[in-house]
Each structure stands twice: as C-alpha cells, then as structure tokens.
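Structural characterization, general
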Amino acid sequence: MALVTQVVEAAVSTLTLDSPANRNALSRQLLEELSEGLDAAAADDGVRAVVLSHTGRTFCAGADLRESAATGDTERGTARFVALLRQIVDLPKPVLARVNGHVRAGGLGLLGACDLVVAGPQSSFAFTEVRLGLAPAIIALVTQSRMPERLAARYLLTGETFDATTAERAGLVTVAAADVDVALAVLLDALRLASPQGLAATKPLTTARVRAALEADGEAAQRLSAQLFGTAEAREGIAAWAQKRPPSWFVASP
C-alpha cells in the first residue's frame, strides 16, 4: 500500500503522508515515496507549489524506530533522510507544510526544510531525541538558522513539548492559525500570482543559510546520528520508548 498520496489541483501538488498506523514515521518506503512525489512535482510545469500534509493525529513522528531496530540500517537511513531534506530545500518550487497534529524529531526536520509552514490548533512539537539517547544532529541543519539561540537551546536540550504559537515564535512555523486550511489557502493564492521563474529564482535567496548548513555539515551530522543509534544508551532509550517505561537514566524529581 502507498504511504504517500499525491493530488494535483489548481497548480498545487499535495503530498499526503498516509501511514497513520505508525504515526507517519519516516520509514524507508515513506521516504522513497515522498522523494518520488517531489520529483514528479518538480517535473510538472503545471505545478506552482507543493504542500506536505498528513492523515491522522500526527504529521510525522520522526524516524521509524522499530524499522531501524529491526534492520540495523542506520547509516543508509540517515543518508536517505539528509538526501530528502536537500531535495525539499533545492526544489525549484515552494514547499509548504500543512500541520494539524503532532510533530516530533525528524518531523521537525521536514518542517525546517519547507519554505512555509501553517500549523493548526491540534499541533504540538518536540525535539525528542535527547530523551532517547540521541541528538537532533540532522534536524539541526535545517532548524537552527530559523530559531533564536535561547529557544533552540531550551527545546533541543529538554525535549519539552510546545504548541503552534511557540513554534511560530521560534521560527519553525510561518502561521499558527485557528483554521489551518483558511490560512494555507491565503498563502497558496499568493503563490499562484507569482511567476514560476520568479519563484525559482527567489527561493534560493531565502534558503541560503539552510543550504549552506547542509553542504558544510550534512555528512558529519549523518555520521553522528548513525553513530548514536548504535550505542547502548540509545538502544536503552528506544527500548524504553517501545515498552512505555522510563529509561535507566531517569531520575525522579525530589
């Protein structure tokens, strides 16, 4: 079964993450299908913009931890994820995210790579890697230039959950809206007024810092992420997550 569906309407290609059973986790199949959808949108002269949407209550839960644990394929998995982020950033058309659900870990990487993000009232966000014995090394490539340093330090180090309004203040969300579809329609109507050439020439001006980070640090971030996945501490963190129990390093507050 397809995990990503694609619909083109009124010059917009909507790619919907449709794997609610695992909270739209970034499995190998989902990554490949999303990449194929982006390629198709880039090649279609009738498409002015791309929207990433989702089914279910979660936009994206990040890496498919069960698949990673079963295959041990962390190096290839991290390489595929970095390649996807580059593809979104380099796509010659604006990529928007429509979010009205939970966004965790690698899901925030998708948002960081997108040009515009609209989040509804059911949205919540968290950089959860630190609680699993991991680090948001790859995700930081596409989020840090967008976030104030103190906010980045707080949420990356604590793994706390925050809402759409805070995400907007942090630069991770363009518009925090009561009605996500109304807010998205406003942006899409504006993009339909723009010329394809104008959009293709302007997008690189707005993504310069993200592209520079991917170019300079992408391979190092990929290696660090894969290395951490292979450690005993990360295995414990992922096992604790799967078993819904505190990890061995948990310390109760006094």
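Another point: the sheet that holds strand β10 (residues 175-176). Read across the open sheet, the 6 strands follow the order β1-β2-β3-β5-β7-β10; overall the sheet is mixed. The open sheet has two free edges, formed respectively by β1 (4-9) and β10, since each of these has just one partner strand. Pairing between strand β2 (residues 12-17) and strand β3 (residues 49-54): 6 bridges, direction parallel. Residue pairing in the sheet places T16 in a bridge with S53 of β3.

This next bit is on the pattern of salt bridges. Summed over the entire model, instances satisfying the criterion amount to 7 salt bridges. Put simply, R28 and E32 hold a salt bridge, and the shortest N to O gap is 3.1 Å. Placement of both R28 and E32 in helix α1 (residues 28-43) is noted, with a separation of 4 residues, approximately one turn of the helix. Under the relative-accessibility criterion, R28 is labelled partly exposed at 40%. Overall, E32 belongs to the partly exposed group, its relative accessible area being 36%. The shortest N-O distance in the salt bridge between D189 and R192 comes to 2.8 Å. Placement of the pair is D189 and R192 together in helix α8 (residues 180-192), with a separation of 3 residues, close to one helical turn. For D189, a relative accessible area of 47% corresponds to the partly exposed category.

With 55 residues, the main nonpolar core has L110 and F125 as its most contacted residues. Counting residues per element, this core draws most heavily on helix α3 (residues 74-90), at 6 residues.

Most peptide bonds take the trans configuration, and most residues that are not glycine carry a negative phi. In this structure, R23 takes a positive phi of about 60 degrees despite not being glycine. Assignment of secondary structure puts R23 in the loop between β2 and α1. By relative accessible area, R23 is classed as partly exposed at 34%. In this structure, A105 is a non-glycine residue whose phi angle is positive, near 50 degrees. Summarising the element assignment, A105 is placed in the loop between β6 (102-104) and α4 (106-113). In this structure A105 comes out as buried when scored by relative accessible area, which is 9%.

What follows deals with the environment of L151. Mapped onto the elements, L151 comes out in helix α6 (residues 149-158). C-alpha of L151 to C-alpha of G171: the two residues are 20 residues apart in sequence and 9.8 Å apart in space. Not counting the four nearest positions on each side in its chain, L151 is found in contact with R169 and A170.

Here helix α11 (residues 232-243) is 12 residues long and its end C-alpha atoms lie 16 Å apart, about the 16 Å a rise of 1.5 Å per residue gives. Every buried residue of α11 is listed here: A234, E236, G237, I238 and A240. Where the residues of α11 are buried, they touch α2 (65-71) and α10 (208-229).

This next bit is on α10. Count 3.6 residues to each turn of an α-helix, and residues three or four apart come out pointing the same way. For α10, which comprises 22 residues, the first-to-last C-alpha distance of 30 Å matches the rise-based estimate of 32 Å (1.5 Å per residue) to within 8%. Of all the bends in α10, the greatest measures close to 65 degrees and is centred on D217. Here α10 has its buried residues at V210, L214, G218, A221, S225, A226, L228 and F229. Buried positions along α10 lie against α2, α3, α5 (137-143) and α11.

What counts and how
Residues numbered from 1 in each chain as written. Predicted model: local features only at pLDDT ≥ 70, side-chain atom pairs only at ≥ 80, totals over all residues. Heavy atoms only, no water. Pairing = 2+ DSSP bridges. Helix = DSSP H or I, 4+ residues; strand = E, 2+ residues; numbered from the N terminus. Salt bridge = Lys/Arg side-chain N within 4 Å of Asp/Glu carboxyl O. Buried < 20%, exposed > 50% of the residue type's maximum accessible area, 1.4 Å probe, protein only. Core = buried A, V, L, I, M, F, W, Y, C linked by side-chain atoms within 4.5 Å. Contact = heavy atoms within 4.5 Å. Expected span 1.5 Å × (residues − 1). Bend = angle between axes of the 7 residues up to and from the residue.

Purely geometric stuff here, so don't read any function into it on its own.
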